[in-house]
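An overview of the molecular structure
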Amino acid sequence: MIQEMTLQMTKKINAKGSGCPYKRKDGRWEARATINGKRRSFYGDKQSDVLRAMRAALAAADDGIYFEPSRLRVGQWLETWLDEYVQPSCKPLTLATYRSRTVTHIIPALGNIKLTELNATHIQAFYNDLTRREGLSPKTVKNIHGILHKCLSQAVKLRYIAYNPADACETPRMEAREIKPLTETEISDFLKLIQDGEELCDLFRVALFTGMREGEICGLSWDAVNFRDGVITVKQQLQKEKKKGGVFYIATTKNDKARTITPAPYVMNLLRQVRLRQSEAALKAGGAWENKWNLVFTNPLGRYIVPQTALKRFKAVARQIGRPDARFHDMRHTYAVASIQEGDDIKTVQSNLGHATASFTLDVYGHVSEKMKQESAARMERFIEKFQA
C-alpha cells in the first residue's frame, strides 16, 4: 500500500518539480515540493507521514487555500479552516456555534499572532482570561478549546506548524452537574397531569419511557418506528439554525450515529394510538394537512412541534408537581436512572441513550441510590448466610 502511495505521490510531486521522499542521515524522512513557486520541505519519522503531509499541502494549493506558514496569522487560518474544512461536513447549528465562538473570543485574543509563533503560553493566558475576566463557565472554555485544538490539528497535518501548542494547555476543571431525575411520586403526579387529550401528552410519555433527547423526540418520523419488530431507530433530530429567524430542519443525531432501541410494549402500543389519531386528524384537516417529514408528533395540521414549545409546556407541568427546576432533559435522566435501578446493565443503558462510551454513562449515572445500596447489602447478607454455621 505504501509503495503504491509512494508511486502515485511521486508522479504528482515530480510533475510539480519535486523529488521522491528520502531517508536522512538522522533517520528522519524528508521530501520536497514546489508549491506556489516556492520550494518546501516536509519532514517526518515515517515515510507515510511525509507523504501524507505533502499530499495535504498539495491539495490545499490546488484548491487555492494554501498559505505560506511564515506569513499566515491565526485569525486568517481560523477563517479558512471554518470555510474549507468545517463547513462542508458540519451541521448548520454546529457551524454557527463554531463561528460565533471564533469571532467573539478566539480571533480578538489570538487572531493577530503569526500561526508559527503561537505557543502554549499564549493559549493558556487566553483560557485564563476567559475564566477570570469574562466569567465564562468551565464547559464553555472547554468547548472553545475544542474548536481551537481542532483548527491547530489541521494546521499540523498541513505542516504549517510542527506541533499543536494547545496540547500543552489546561482548561478549567468542570464540576459535574448534579442530575435530578423525577422521583417515583413525581413521575406518578406528572402522568396524572398529562392525561389523554392534554397538549403533548403522548410526546412526553414516549420521551419519559425511551430517554430520547428533546430534538430526537420532536424529529421522530414514522419510518423509524418498526411495529413488527417492536423497535425504534433514533436517527435524526429537529434543529433550528442559530440565527434570528432561523428555520427548522431535520439533522442527524447529536453524535451523527443512529441507534436502535427496544421500548417497553406500552410505548409501542401508545405509538399505535398516536398513528390512528394522526390519520384521523389528517382526514379532518384535508388540504391543510402538512407533514413534510412524516413526523410522529405534530400539531392538528401536521406541522412539527417546536422543541421550545415542548419545553415550555413541560415546564408548566413540572411546576404543578413541585419541580420548577426540572428540565426537559431530566426526563432522559429519569429513564436512565430507572433503567439502572430496575436491573439494566450499563452497556444496555449506554446503547439506549446513544452515549459514545459506557464509561461516559458510568460517569453520569455511576452514583448508587439508597434503594440500590440497601438491595446490595441484602444480597450480600444472603451470600454470607451460606457460610454461617
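Before any of the text, the structure's been laid out above.
Now for a quick tour of the structure. (Residues numbered from 1 in each chain as written. Predicted model: local features only at pLDDT ≥ 70, side-chain atom pairs only at ≥ 80, totals over all residues. Heavy atoms only, no water.)

Section: the packing of aromatic side chains
Selection criterion: Aromatic contacts are taken between Phe, Tyr and Trp rings whose centres are within 6.5 Å, Trp giving its six-membered ring; a plane angle under 30 degrees counts as stacked, one over 60 as edge-to-face, and the others as tilted. The secondary structure listing takes helices from DSSP runs of H or I that are at least 4 residues long and strands from runs of E that are at least 2 residues long, numbered from the N terminus. Categorising residues by exposure relies on relative accessible area from a 1.4 Å probe, with only protein chains included: less than 20% of the type maximum marks a residue as buried, more than 50% marks it as exposed, and the intermediate range marks it as partly exposed.
Counting across every chain of the model gives 14 aromatic pairs. Ring plane angle 15° and centroid distance 6.1 Å describe the contact between W81 and Y98, whose orientation is recorded as stacked. Taken together, the positions of W81 in helix α3 (residues 74–86) and Y98 in helix α4 (residues 92–110) put the pair 17 residues apart, joining distant regions of the chain. Neither W81 nor Y98 differs from the other in exposure class; each is buried. Taken together, the aromatic side chains of F190, F204, F314 and F328 make up a single cluster linked through ring pairs.

Brief notes about the pairing of strand β6 (residues 236–240)
Side chains on a regular strand alternate between the two faces of the sheet. How we decide: Pairing between strands requires that DSSP locate at least two bridges from one strand to the other.
Within β6, 4 of the 5 residues are buried, leaving the element largely enclosed by the surrounding structure. Here 5 bridges tie β6 to strand β7 (residues 248–252), and the two strands are oriented antiparallel to one another. Of the residues in β7, the one forming a bridge with Q236 is T252.

Let's talk about a negative patch on the surface
Rules: Here the term patch refers to residues with relative accessible area over 30% and no salt bridge, with like charges joined within 9 Å and nonpolar side chains (Val, Leu, Ile, Met, Phe, Trp, Tyr) within 5 Å. Note on areas: these come from Shrake-Rupley sampling with a 1.4 Å probe, and a residue is covered only by the protein chains present in the view. Each salt bridge in this description consists of a side-chain nitrogen of Lys or Arg and a carboxyl oxygen of Asp or Glu lying within 4 Å of one another. Residues counted as positive are Lys and Arg, residues counted as negative are Asp and Glu, and His and the chain ends are not counted. Where a charge lies is defined by one atom per residue type, namely NZ (Lys), CZ (Arg), CG (Asp) and CD (Glu).
A cluster of acidic residues, E184, E342, D344, D345 and E375, forms a negative patch at the surface. Here E342 falls in the exposed class, since its relative accessible area comes to 61%.

A few points about the packing of α4 against helix α6 (residues 138–157)
As a reminder, the rule being used: Lines fitted to C-alpha atoms define the axes here, with helix axes fitted over just the stretch in contact, and angles between the N-to-C directions of these axes take values from 0 to 180 degrees. Working rule for angles: under 35 degrees goes down as roughly parallel, over 145 as roughly antiparallel, 65 to 115 as roughly perpendicular, anything else as oblique. It only takes one pair of heavy atoms within 4.5 Å for two residues to be counted as in contact. Amino acids outside the nonpolar list (Ala, Val, Leu, Ile, Met, Phe, Trp, Tyr, Cys, Pro) and the charged list (Asp, Glu, Lys, Arg) are all regarded as polar, and Gly is one of them.
Two numbers describe how α4 lies on α6: the axes approach to 10 Å, and their chain directions differ by 80°. Put simply, α4 runs roughly perpendicular to α6. Between α4, through Y98, R101, T102, H105, I106 and L110, and α6, the contact on the second element is made entirely by T140, N143, I144, I147, L148 and K150. Its residues assigned to classes, the contact of α4 with α6 shows 6 nonpolar, 4 polar and 2 charged.

Thoughts on the nonpolar core
For clarity, the threshold we go by: Only buried Ala, Val, Leu, Ile, Met, Phe, Trp, Tyr and Cys residues count toward a nonpolar core, and they belong to the same one when joined by side-chain atoms within 4.5 Å.
Grouped together as the largest cluster of nonpolar side chains are 40 residues, with contacts concentrated most on F190, L203, F204, I217, L271, F297 and F328. Those elements giving two or more residues to this core turn out to be α7 (184–193), α8 (201–210), α9 (214–218), β5 (231–234), α10 (265–285) and α11 (307–320). Those residues in contact with L271, other than ones at most four positions away along the chain, are V206, W222, V225, F227, I232, V296 and F297.

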